[in-house]
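Geometric and topological summary
Given next are the chains, with one letter for each unit.
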Amino acid sequence: MLIFIYMILLAAIFAAAFCVFFDQAILTRRGTIYRVNTDQKKVALTFDDGPSPVWTENILSELKREGIKATFFMIGHHVKKYPEVAKKVAEEGHLIGNHGFAHCVTLYYNPWEIEEEIKYAEQIIKEATGVTTKYYRPPKAWIRKTIKEKVKSLGYHVVLWSLNSKDWVNFNHKKIVEYIEKHVKNGDIILFHDSGNVFSIEGGARTQTVKAISLLAKTLKHNGFKFVTVEELLNG
Ligand SMILES: [Zn+2]
């Protein structure tokens, strides 16, 4: 019995270390848009898991202050709860992407289940914002080839990221910005979250994400970078 508990504990520590120190998007990004090859100093900020009545609102204020347009991959379930926040994101000129309805990992989905999931989220986002989504980001980046192909056949681009802020486990905004400044390259798509924490996709404490935006904007602008949406990055 003691060995069993010990093994579960080890597995949990291993899983946590894997998530904190490794970026699983590296394993699944083939055939997706995770960055764009460009000689222009442009990057795209992306925010996942919203909208949140607290954090999305704060992030929108920071983005407005810095004159940045970003991309928000929204969860249908959250849009259903907070349609006004989703609408505000669209009204402020940001790009809205589809992050599925329930934030379930799609690894075990079959093609018609993924279609149902995406179309349902698409409908909810459309009702709230008037926007028809065409960029899809799979929860936690886990997606297999058949599902990628199915998503593309629905007219969607599958979008991951090339630079992970790890803002859900990094509790110091200066460290987040230092890490991004050190690793950023032209055409990077940078992952942040506007909802949730280590244990949940809703609520959470995104204070460090909010604080990071202004510092990151100033730092990267000083280094010659411009911030664009994923669509603008793709369209050159
Ligand atoms: Zn997510």
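Structure: above.
So, here's what we can say about the structure. (Residues numbered from 1 in each chain as written. Predicted model: local features only at pLDDT ≥ 70, side-chain atom pairs only at ≥ 80, totals over all residues.)

It is worth spelling out the overall build of the protein chain at this point. Regarding its fold elements, the protein chain presents 10 helices and eight strands. Its C-alpha atoms give the protein chain a radius of gyration of 17 Å, within 12% of the compact-globule value 18 Å for 236 residues. Its C-alpha atoms give the protein chain principal-axis dimensions of about 55 × 40 × 35 Å. Put simply, the protein chain has 236 residues, and 45% of those count as buried. Considering only residue pairs separated by 6 or more positions, the protein chain has 79% of its internal contacts joining residues 24 or more positions apart. (Helix = DSSP H or I, 4+ residues; strand = E, 2+ residues; numbered from the N terminus. Rg over C-alpha atoms; globule rule 2.2 N^0.38 Å. Buried ≥ 20, exposed ≤ 12 C-beta atoms within 10 Å, placed from the backbone. Contact = placed C-beta atoms within 7 Å.)

Moving on, we come to the nonpolar core. The nonpolar side chains of soluble globular proteins are, as a tendency, buried together. Ala44, Met74, Val79, Ala86, Ile125, Trp161 and Ile190 are the most contacted members of the largest nonpolar core, which has 62 residues in total. The residues contacting Ala44, other than those within four sequence positions of it, are Thr71, Ile189, Ile190, Val228, Thr229, Val230 and Leu233. (Core = buried A, V, L, I, M, F, W, Y, C linked by C-beta atoms within 7 Å.)

We now examine the environment of Thr207. With respect to the secondary-structure elements, Thr207 resides in helix H9 (residues 207-222). When the 13 C-beta atoms within 10 Å are taken as the criterion, Thr207 is described as partly exposed. The spacing of Thr207 and Leu160 is 47 residues in sequence and 23 Å in space, taken between C-alpha atoms.

Attention shifts here to helix H3 (residues 55-66). In a regular helix each residue adds 1.5 Å, so 12 residues correspond to 16 Å; H3 covers 17 Å between its end C-alpha atoms and thus fits that length. All of the buried residues along H3 are Trp55, Thr56, Ile59, Leu60 and Leu63. Buried residues of H3, viewed axially, fall in a sector of 130 degrees; they line one side. On its buried face, H3 sits against strand S1 (42-48), helix H5 (83-91) and H9. Phi for Gly67, located one or two positions after H3, is positive at around 65 degrees. (Expected span 1.5 Å × (residues − 1). Arc of directions from axis to C-beta.)

We now examine the packing of H3 against H9. Here H3 crosses H9 at 10 degrees, and the two axes come no closer than 9 Å. Comparing the axis directions of H3 and H9 gives the class roughly parallel. Counting all contacts with H3, which are made through Trp55, Asn58, Ile59, Glu62, Leu63, Arg65 and Glu66, the residues of H9 involved are Thr209, Val210, Ile213, Ser214 and Ala217. (Axes fitted to C-alpha atoms, helices over the stretch in contact; angles between N-to-C directions. Parallel < 35°, antiparallel > 145°, perpendicular 65-115°, else oblique.)

This part is about the pairing of strand S7 (residues 189-193). For S7, the tally of buried residues reaches five of five residues, placing the bulk of the element in the interior. Of the two faces of S7, the one carrying Ile189, Leu191 and His193 and the one carrying Ile190 and Phe192 are both buried. Two strands pair when backbone bridges link them, and S1 and S7 are joined in this way by five bridges, in the parallel orientation. Bridge pairing in S7 links Thr46 to Leu191. Where strand S6 (residues 163-164) meets S7, two bridges bridge the pair, whose relative direction is parallel. (Pairing = 2+ DSSP bridges.)

Once that is clear, we can look at the packing of H5 against helix H6 (residues 111-129). Following both chains from N to C, one finds H5 and H6 inclined at 75 degrees, their axes separated by 8 Å at the closest point. Regarding the angle of H5 to H6, the classification is roughly perpendicular. Side by side, H5 and H6 meet where Pro83, Ala86, Lys87 and Ala90 of the first sit next to Ile125, Ala128 and Thr129 of the second. A per-class count over the contact of H5 with H6 returns five nonpolar, one polar and one charged. (Nonpolar A, V, L, I, M, F, W, Y, C, P; charged D, E, K, R; others polar.)

Attention shifts here to unusual backbone geometry. For the peptide bond that leads from Gly50 to Pro51, omega is 0 degrees, which places it in the cis range. Along the chain, the position of Pro51 falls in the loop between S1 and H3. With a phi close to 60 degrees, His103 is a non-glycine residue in the positive phi region. With respect to the helices and strands, His103 occurs in the loop between strand S3 (95-98) and H6. Classification of His103 as buried rests on a count of 21 C-beta atoms within 10 Å. Backbone geometry at Ala141 places phi at a positive 75 degrees, although glycine is not the residue there. Summarising the element assignment, Ala141 is placed in the loop between strand S4 (135-136) and helix H7 (145-153). For Ala141, a count of 20 C-beta atoms within 10 Å translates into the label buried.

Function cannot be inferred from these measures alone, as they are strictly geometric.
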